[in-house]
Amino acid sequence: RSGWRERTAPLPFAMGRFFLLYYSDEEALFRCARCLAHLAQYKDLLSTSFRGRTGSALLFNRVVNVTAGPSEDSVMTTGLHTIRYIYCVVCQERVGWKYEVAFEEDQKYKEGRFILEEELVSTGGSAADDRLAGSGAAAFGPVDFEPPPPPLP
């Protein structure tokens, strides 16, 4: 998709330009709860029957505006999986994970799919759009991301 790419590791204080993908107001959305960046559409929601570290979680076929951390093995209630935690590209908040490998045969359907934790996302709405409007982000446009100043000694 235009303007979206997955990075290989979170960059908490990266400089430069990156592109954000925004969906139209008519589409049901899931957003980062911290900065309201668009993360997923309702049409890509596969299941609401998952659990994350913070409680209920949602399984998606596709998410956008995320970057992924390194692969790691995780023992979950459904068996061993290789996952990569995913982070919002705007605020670097951890929002869930991506299933890379499922070692149990009956869990293979998860491979390449994404979990967003309900506590870490919010649903779309006009109030959220108002907050995004002041963030300097333009639909499909470049956004300058300047790191915060270093902490004082």
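Residues numbered from 1 in each chain as written. Predicted model: local features only at pLDDT ≥ 70, side-chain atom pairs only at ≥ 80, totals over all residues. Heavy atoms only, no water.

### Quick word on the layout of surface pockets
What counts, and what does not: Put simply, the grid is 1 Å and covers the protein atoms alone, a cavity is a trapped set of points that fit a 1.4 Å probe, a pocket is an open set with protein on both sides within 12 Å along at least five of seven lines, and lining residues have an atom within 4 Å of a point. Grid points are joined across faces, edges and corners, and a volume is the space filled by probe spheres set on the points. Numbering goes from the N terminus for both helices and strands, where a helix is a DSSP run of H or I of at least four residues and a strand is a run of E of at least two. Nonpolar residues are Ala, Val, Leu, Ile, Met, Phe, Trp, Tyr, Cys and Pro. Charged residues are Asp, Glu, Lys and Arg, and all others, Gly as well, are polar.
Estimated volume of the largest pocket: approximately 260 Å³. In terms of lining residues, the largest pocket is bounded by 17 residues, among which Arg-51, Met-76, Thr-77, Trp-97 and Tyr-99 are the most central. The set of elements that each furnish at least two residues to the lining of the largest pocket consists of strand S4 (45–52), strand S6 (66–76), strand S7 (79–88) and strand S8 (94–102). Element by element, the count of residues in the lining of the largest pocket is highest for S4, at four residues. The class makeup of the residues in the lining of the largest pocket is eight nonpolar, six polar and three charged.

### Comments concerning the sheet that holds S6
Either a parallel or an antiparallel arrangement is found when strands of a sheet pair, and the pairing is made through backbone hydrogen bonds. To keep things clear, this is the line we draw: Whether two strands pair comes down to DSSP finding at least two bridges between them. Angular values range over 0 to 180 degrees, each being the angle between N-to-C directions of two axes fitted as lines to C-alpha atoms, with helices fitted over their stretch in contact.
Judged by pairing direction, the sheet is antiparallel, and its six strands sit side by side in the order S4-S5-S9-S8-S7-S6 without closing on themselves. Of all strands in the sheet, those bounded by a partner on one side alone are S4 and S6. This sheet shows a mean twist of 30° between the axes of neighbouring strands, independent of strand direction. As judged from the four bridges shared by strand S5 (residues 55–60) and strand S9 (residues 114–117), these two strands associate in the antiparallel manner. Note that in S9 the partner of Leu-58 across the bridge is Leu-116.

### Here we look at the packing of aromatic side chains
Here is the rule we go by: Think of it this way: a Phe, Tyr or Trp ring, Trp meaning its six-membered ring, pairs with another when their centres are within 6.5 Å, and the plane angle makes it stacked under 30 degrees, edge-to-face over 60, tilted otherwise. Residue burial is assigned from relative accessible area. The probe radius is 1.4 Å, only protein chains are included, and a residue is buried under 20% of its type maximum, exposed over 50%, and partly exposed in between.
Scanning all chains against the criterion turns up two aromatic pairs. Aromatic pair Phe-30 and Phe-60: ring centres 5.1 Å apart, planes at 75°, arrangement edge-to-face. Of the two residues, Phe-30 is situated in strand S2 (residues 29–32) and Phe-60 in strand S5; the sequence distance between them amounts to 30 residues. Note on Phe-30: relative accessible area 9%, which makes it buried. Between Trp-97 and Tyr-99, the ring centres sit 6.1 Å apart and the planes meet at 80°, which makes this aromatic pair edge-to-face. Each of the two residues, Trp-97 as well as Tyr-99, counts as buried.

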